[in-house]
Amino acid sequence: GKREAVDTGVGEEEFEEARAAKAGSDLRAKGADFVTVDWGYYEQKERDRKRRFTRTVAGLAWTQQQLMNCLEHGQSWVALLCIGFTTGAIASAIGIGCDWFSEVRYGLCTGKGFWVGRYQCCGDAASIEKCDDWTEWREMAEMWVGEEALSPNGKEWVNFAGYTCVSMLLTTLASWLCLTFAPYACGSGIAEIKVMLGGFVIKKLLGAWTLVIKSLGLALVVASGLMVGMEGPCVHVACCTANILSRLFPKYRGNEAKKRELLSCACAAGVAVAFGAPVGGVLFALEEASTYFPPKMMWRALFCAIIATLSVQLLNPNKSKKFVVFEVTYHHQWMLVEVVFFALVGVVGGMAGATFNTYNPRVVARRKGSALMKAWPITEVMLVTLLTCVIDFPFALMRLSNSDFLALLFSDCSVRDAKTDASLCSTAFSDQVAIFLVGCACAKLFLAIISNGLKVPGGIFVPSLIIGALLGRAMGVVIQTLHRGLGDVGAFAVCTSSSASCFDPAIYAIVGSAAMLAGVTRMTVSIVVIMIEVTSGMQYAVPVMIGVFIAKLVGDALGTESIYIEHIRLAGLPLLDAKEDYLVGEKASDCLSSRDIQVLSMAKHTLQDIVDLLASCPYKGFPVVTTTEEMLVVGYIRRYILQRLVARAGEDPRVTPETTVSFVAHLRPSGRTPSGGDAEQHTDGAATAGGATTPPAARPAWLDLSQHLDRAPHMVFDTAPFDRLVEMMRGVGLRYILVTREGRLVGIIKKKDLLEHIDYHRTLKKVAGTEGDDDQ
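On to the overall build of the chain, then. For the chain, the helix and strand inventory stands at 28 helices and 14 strands. By residue count, 55% of the 776 residues in the chain fall in the buried class.

Structure representation (structure tokens):
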């Protein structure tokens, strides 16, 4: 049946409290932060700005005209340059802070100053393990209580206490900063960015406080060892930077539609600084973040991403000068028979990703529904951090930072270097290595499920890569062990006895990491390109493609959505997802709500009628029809225009409340025209005779508002397919569509009406599925 909608009004911009209530008190408190973007208004605003610029330039000399045109067209590139460089600088600062905070968990540099990181502190030493300038926590305890007072086990307990206390201090401080100064700094931020790029403004999401707290909190949380990543939040940081810098450029200042272009480019820059993958960043913005990405944005986004990547390499002294994060220096020629194994890795990655997407939203929902967790969010962060330390500390590999751990999993046993760990390359105990890797993957998956959604900044990109790399390398070790035990028979017949290593577990780690990320985010092409750029392993492009493709198919088959879509729905955020098919078989008439339509006639209302309508009706715009009986659409006029024109007309002493308002220039009430027939039409709609003072008898008989009427509103028949409405709302960026039947206006559909209708049917589907399970 048809839904009964809440009477929220045509074009009402405030995010409905009733809708926010479904997501819990968190969102309800922030309900007023959501505003619908009126794309048509901002497009008209940009056209008006260009007309004013053209008129201004027309009166200048030729040289000045060329200079002004260069400044006008160069605004976009200068803005992108500033955004890219600033994003890279902030990411470098986050990386430097993250490295130092992470090393403090193990001790302090007492030889050169506590503010010096471990690698800089021990730069002159033969190895980091034999460094006199670096003092571990157990060594500090020995200096305080004496070396004989601590047993070997006691020294390890001191290191564990120092490691745990510092980690808990870091996450506690980050959580307190977020909750106190910038609630929107919590989490990844990509879900909210998707909503903003889809046509909604979320106030305070991209503010200066959010940028500062997100950057500082991100360095603290990632350094603590919590199972979250900094790559997703880097996208949020880049968008905050773009939003703040856009105010410096007249082309983007105050224009939300144009600002979306900068935000799309900023998304690419955020991924670029996180992974060193500018092309992958552009594809991420195109595939996942943006709902509107015109061709001209492709080159601009790439330019911004390249500038951001270069600035990171220039400003971050702790990173190597290489442009590849986890460079693969080995070259293993994979065989055709391995396609089956790569597909199996994809299946495992898809299942693991679907598991995360199933249980993480449940944990977040339980967290929002629990009065205890909502009352003590910082305590929850501390407890999860303590659990993470207890699980990670006993194993040296799991204590590594995310980037070092991932680089270790990508390392090849045949290439012995600083990245290679002997414990992962043991052939005598390969079965134990595989069990250890699977156990680590399960532990990391559990920690990722409970950590993402805490009141701290953090994303899921690198945790997904780590879990997938663990599972992929485990499968590679198993295949390698089977080949070693069975010999060159069956599927392994293509191998030769002289081959040093027929199967390389490192390749399976790369494929597994990409497959897991695809299972979590459901991205495809962008993940393949990011992995190629991150590893510089072009020869492994096909295996990665196979793993990503299979993982997405498995994840979709298991009935879960992208983790971002899951969190958007859990929070009750409005989004028309470009990847979803909506209600095939529904029509526009099925989406119409039961409220009455507020319309204006062409020449029937007085000025007082307009004033009364604005005072009593909260709607943001009104259709203009011939008569209320015919209901033939003439146009559409926005509320703010009516308010401005009424205010101007009230300042004119010749206009009275009984003055008739006309929305069509050729149609004058009762056939009357202003006296003399030489009336001049002004922008405020008041008719005057040559500007001279008009006596009361010659007061204007009508106010002509036809110049301010939108004569081409978007309309559909009531039989139009529902998916066509979605495409119009999403592709064109509409906020409302007029619905007609046989040419007569019968209703109005807003973007939020579509979202409510979709949610209504989605809820019915879930209820029907639950009842079906109960019947069984």
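This part covers the nonpolar core. Counting residues in hydrophobic clusters, the biggest one holds 171 residues, and the most contacted among them are Cys 267, Phe 275, Phe 284, Phe 503 and Ile 749. Sequence-distant contacts of Phe 503, defined by excluding residues within four places in its chain, comprise His 332, Met 335, Glu 338, Phe 341, Ile 479, Gln 480, His 483, Phe 492, Cys 495 and Tyr 508.

What follows covers the packing of helix H14 (residues 338-369) against helix H20 (residues 505-521). Where H14 meets H20, the axes come as close as 7 Å, and the angle between the chain directions of the two elements is 40°. Between H14 and H20, the interaxial angle falls into the category oblique. Relative to H20, H14 is oriented so that their crossing is right-handed. Each of Glu 338, Phe 341, Phe 342, Val 345, Gly 346, Gly 349, Gly 350, Ala 352, Gly 353, Ala 354, Phe 356 and Asn 357 in H14 lies in contact with H20, whose residues at this interface are Ile 507, Tyr 508, Val 511, Gly 512, Ala 515, Met 516, Gly 519 and Val 520.

Moving on to the side chain of Thr 521. The residue Thr 521 is located in helix H20 in this model. The buried category is assigned to Thr 521, whose relative accessible area is 0%. Thr 521 has contacts with Glu 288, Ile 527, Ser 562 and Tyr 564, leaving out every residue within four places of it along the chain.

What follows deals with the packing of aromatic side chains. Taken as a whole and assessed by the stated rule, the structure comprises 16 aromatic pairs. Measuring from ring centre to ring centre gives 6.5 Å for Trp 77 and Trp 299, while their planes differ by 55°; the resulting arrangement is tilted. One end of the pair, Trp 77, is in helix H4 (residues 62-104); the other, Trp 299, is in helix H13 (residues 296-315), and 222 residues separate them in sequence. Of the residues examined, Trp 299 reaches a relative accessible area of 51% and is grouped as exposed. Site record: aromatic cluster; members linked through ring pairs are Tyr 106, Trp 157, Phe 160, Tyr 163 and Phe 393. One residue, Arg 399, lies across the ring of Phe 393, its end atom 4.6 Å from the ring centre.

A sheet is described by the order of its strands in space; here three strands give the open sequence S12-S13-S14, paired in mixed fashion. One side of each edge strand has no neighbouring strand; the edge strands of this open sheet are strand S12 (715-717) and strand S14 (744-750). Strand after strand, the sheet turns through a mean of 35° between neighbouring axes, direction not considered. Alignment of S12 against strand S13 (residues 736-741), held across three bridges, turns out to be parallel. What sits directly across from Met 715, in S13, is Leu 738. Contacts from helix H27 (residues 722-732) reach S12, S13 and S14 within the one sheet, and its direction differs from that of S13 by about 145°.

Right, let's get into the environment of Glu 586. With respect to the secondary-structure elements, Glu 586 resides in the loop between helix H23 (563-571) and helix H24 (588-591). Counting along the chain gives 137 residues from Glu 586 to Asp 723, while the straight-line C-alpha distance between them is 7.9 Å. If we ignore the near neighbours within four places in the chain, the residues touching Glu 586 are Ala 720, Pro 721, Phe 722, His 757 and His 761.

To continue, consider a nonpolar patch on the surface. A surface patch of nonpolar side chains, amounting to about 520 Å² of accessible area, comprises Leu 173, Trp 176, Phe 181, Trp 209 and Val 212. Those elements giving two or more residues to the nonpolar patch turn out to be helix H7 (152-181) and helix H9 (208-223). It is H7 that contributes the most residues to the nonpolar patch, three residues altogether. Take Val 212: it is sitting in helix H9. A relative accessible area of 47% means that Val 212 is categorised as partly exposed.

Moving on, we get to the environment of Asp 609. Looking at the element boundaries, Asp 609 is found in helix H25 (residues 607-616). Spatially, the C-alpha atom of Asp 609 lies 9.2 Å from that of Val 661, the residues being 52 residues apart in sequence. From its side chain, Asp 609 meets the backbone nitrogen of Thr 606 in a polar contact 3.0 Å long.

What follows deals with the packing of H4 against helix H10 (residues 231-245). Two elements in contact, H4 and H10, have axes separated by 9 Å at closest approach and are oriented at 135°. By the angle between their axes, H4 is oblique relative to H10. The handedness of the crossing between H4 and H10 comes out as right-handed. In this structure, H4 contributes Cys 82, Ile 83, Thr 86, Thr 87 and Ile 90 to the contact, and H10 contributes Val 237, Ala 238, Thr 241, Ala 242 and Leu 245. Here the residues of the contact of H4 with H10 sort into seven nonpolar, three polar and no charged.

Within the secondary structure layout, Ala 91 lies in helix H4. Between the C-alpha atoms of Ala 91 and Asn 316, which are 225 residues apart in sequence, the distance is 8.5 Å. Every residue in contact with Ala 91, bar those within four places of it in the chain, is listed here: Val 273 and Val 312.

Across its 17 residues, H20 extends 24 Å between first and last C-alpha, which sits within 8% of the 24 Å expected from 1.5 Å per residue. A large share of H20 lies buried, amounting to 17 of its 17 residues. The N-capping residue of H20, defined by a side-chain oxygen 3.1 Å from the backbone nitrogen of Ala 506, is Asp 504. Arg 522 lies just past H20 and shows a positive phi near 65°.

Moving on, we come to the state of the cysteines. In this structure the tally under the stated criterion is zero disulfides. Here Cys 304 stays unpaired: no disulfide links it, and the sulfur of Cys 265, its closest cysteine neighbor, is 5.9 Å away. Under the relative-accessibility criterion, Cys 304 is labelled buried at 0%. Just so you know, Cys 389 is unpaired, no disulfide at all, and the nearest cysteine sulfur is the one on Cys 165, 9.0 Å from it.

Whenever strands of a sheet pair, they do so through backbone hydrogen bonds, lying parallel or antiparallel. Strand order in this open sheet of three strands is S5-S6-S7, and the pairing throughout is mixed. Each end of this open sheet is capped by a strand with a single partner; those strands are strand S5 (600-601) and strand S7 (633-638).

Take helix H26 (residues 639-650) next. With 12 residues, H26 should cover 16 Å at 1.5 Å per step; its first-to-last C-alpha distance of 16 Å lies within 8% of that length. When we look at burial in H26, the residues that qualify are Arg 639, Ile 641, Leu 642, Leu 645, Val 646 and Ala 649. Along the axis of H26, the buried positions cluster into a sector of 155°, meaning they face one direction only. Structurally, H26 contributes buried residues whose contacts are with S5, H25, strand S6 (621-625), S7 and strand S11 (702-704).

Below, the discussion takes up the side chain of His 236. Turning to its location among the elements, His 236 is positioned in helix H10. The buried category is assigned to His 236, whose relative accessible area is 0%. A distance of 3.1 Å separates a polar atom in the side chain of His 236 from a polar atom in the side chain of Lys 214. Once you skip the residues sitting within four places of it in the chain, His 236 turns out to touch Tyr 184, Ser 188, Gly 189, Ile 193, Leu 205, Leu 206, Thr 210 and Lys 214.

What follows concerns the confidence of the model for the chain. Confidence in the prediction for the chain averages 80 pLDDT; 84% of positions are at 70 or higher. Note that residues 669-694 has pLDDT below 50 and, in this model, 43 contacts with residues that lie over four places away or in other chains.

Among the seven residues in S14, five count as buried, and that is most of the element. Of the strand pairs in this sheet, S13 and S14 are connected by six bridges, and their pairing is antiparallel. Along S14, the bridge assignment pairs Arg 741 with Arg 744. Where S13 folds back onto S14 in an antiparallel hairpin, the turn is made up of two residues, including Glu 742, whose phi is positive at roughly 55°.

Criteria and cut-off values
Residues numbered from 1 in each chain as written. Predicted model: local features only at pLDDT ≥ 70, side-chain atom pairs only at ≥ 80, totals over all residues. Heavy atoms only, no water. Helix = DSSP H or I, 4+ residues; strand = E, 2+ residues; numbered from the N terminus. Buried < 20%, exposed > 50% of the residue type's maximum accessible area, 1.4 Å probe, protein only. Core = buried A, V, L, I, M, F, W, Y, C linked by side-chain atoms within 4.5 Å. Contact = heavy atoms within 4.5 Å. Axes fitted to C-alpha atoms, helices over the stretch in contact; angles between N-to-C directions. Parallel < 35°, antiparallel > 145°, perpendicular 65-115°, else oblique. Left-handed = near helix turned anticlockwise from the far one by under 90°. Phe/Tyr/Trp six-rings, centres within 6.5 Å; stacked < 30°, edge-to-face > 60°. Lys NZ or Arg CZ within 6 Å of the ring centre and 35° of its normal. Pairing = 2+ DSSP bridges. Patch = residues over 30% accessible without salt bridge, like charges linked within 9 Å, V, L, I, M, F, W, Y side chains within 5 Å. Areas by Shrake-Rupley, 256 points an atom, 1.4 Å probe, with all protein chains shown as cover. Salt bridge = Lys/Arg side-chain N within 4 Å of Asp/Glu carboxyl O. Polar contact = N/O pair within 3.5 Å; in protein donor to acceptor, adjacent residues only side chain to side chain. Nonpolar A, V, L, I, M, F, W, Y, C, P; charged D, E, K, R; others polar. Expected span 1.5 Å × (residues − 1). Disulfide = S-S within 2.5 Å. Arc of directions from axis to C-beta. pLDDT = per-residue confidence, 0-100.

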